[in-house]
Amino acid sequence: RVHRQGRQRNNRQRYHQQVEEEMIPNGDDLMGNNGLIIGTYNINGIRNKTKDLESMLFYEKIDILAIQETLKQDTDWRLTIPGYYCFEINGSKEASERGLAILIKNTYSGYVIGESSPWSVFIRVSGGGLVHPIIIASIYIPHHQIQDVKDLIREQVRHITNEFPQDLIFLLGDWNMNIEELNNYLFDWVVAFQRIRNIGIQRTRRNIRGRLIDGL
């Protein structure tokens, strides 16, 4: 996951130095240590996993969860999780459109901002002890990394940062990139982001070559 810095950087060298710095271990000092727990989960098909998802949300005490690859389409059932607001972008039969969702505990409030796409959805979250709204994005970049999708997400983020310049932004999702590739992708962005270390990962499935393909 990556987090936007509070000011713009126009100098590429300064940004390059920033992404090489030690990653922040958690978000406490970014949000005043209010106990907010944010997660991201490539679920690789949600149809038969809703009960397990509910259990995970309860036991891990997750306040906000970005989900990728729900594999739901518009003709499918509507996602409902007790105690959470559910924001969905359903996929299609296209291989690159896999379905996204963001779950927000109902002690918070949220609404969709910007123009959503099959590869991204942005929610502005407030309440629940937050001293200022934050923006949560669930993002899926196809494994073959379609350049149009990467350009679209960059433009979406640029518009949102211009509209909400004081908000913390968390970009969560399945980037289908290693750290070096992600750094190179973010390098050309006008607005600088910083990678934040995940506290942990629950490995759920690997492909036949051993690469982790979904997890928390």
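Our structure's up above, just so we're on the same page.
Draft legend 1. Seen up close, helix α5 (residues 179–187). Among the residues making up α5, those that are buried are Leu182, Asn183, Tyr185 and Leu186. Projection of α5 onto a plane perpendicular to its axis shows the buried side chains occupying an angular sector of 160°, all on one side. Of the exposed residues in α5, the ones pointing more than 90 degrees away from its buried face are Glu180 and Asn184. The N-capping residue of α5, defined by a side-chain oxygen 3.2 Å from the backbone nitrogen of Glu180, is Asn178.

Draft legend 2. Quick peek at the nonpolar core. Residues Ile64, Val125, Ile136, Leu171 and Tyr185 are the most contacted members of the largest nonpolar core, which totals 42 residues. It is strand β8 (residues 134–140) that provides the largest number of residues to this core, a total of six residues. Residues contacting Ile64, with those up to four places away along its chain left out, are Leu36, Ile37, Ile38, Gly39, Ile102, Leu103, Ile104, Val125, Ile134 and Ile136. Counting 15 residues, the second-largest nonpolar core is a separate cluster that includes Leu65, Ile67, Leu79 and Ile81.

Draft legend 3. Main features of the pattern of salt bridges. Per the stated rule, a full pass over the model turns up five salt bridges. One salt bridge connects Arg98 with Glu69, and the closest N-O pair in it is separated by 2.6 Å. Of this pair, Arg98 sits in the loop between β4 (84–89) and β5 (100–105) while Glu69 sits in the loop between β3 (64–68) and β4; the two residues are 29 residues apart in sequence, bridging distant segments of the chain. Note that Arg124 is salt-bridged to Asp167, the shortest N-O span being 2.6 Å. Of the two residues, Arg124 sits in strand β7 (residues 120–127) while Asp167 sits in the loop between α4 (147–163) and β9 (168–174), which places them 43 residues apart along the sequence. For the pair Arg124 and Asp167, one class covers both residues: buried.

Reading the values: the criteria
Residues numbered from 1 in each chain as written. Predicted model: local features only at pLDDT ≥ 70, side-chain atom pairs only at ≥ 80, totals over all residues. Heavy atoms only, no water. Buried < 20%, exposed > 50% of the residue type's maximum accessible area, 1.4 Å probe, protein only. Helix = DSSP H or I, 4+ residues; strand = E, 2+ residues; numbered from the N terminus. Arc of directions from axis to C-beta. Polar contact = N/O pair within 3.5 Å; in protein donor to acceptor, adjacent residues only side chain to side chain. Core = buried A, V, L, I, M, F, W, Y, C linked by side-chain atoms within 4.5 Å. Contact = heavy atoms within 4.5 Å. Salt bridge = Lys/Arg side-chain N within 4 Å of Asp/Glu carboxyl O.

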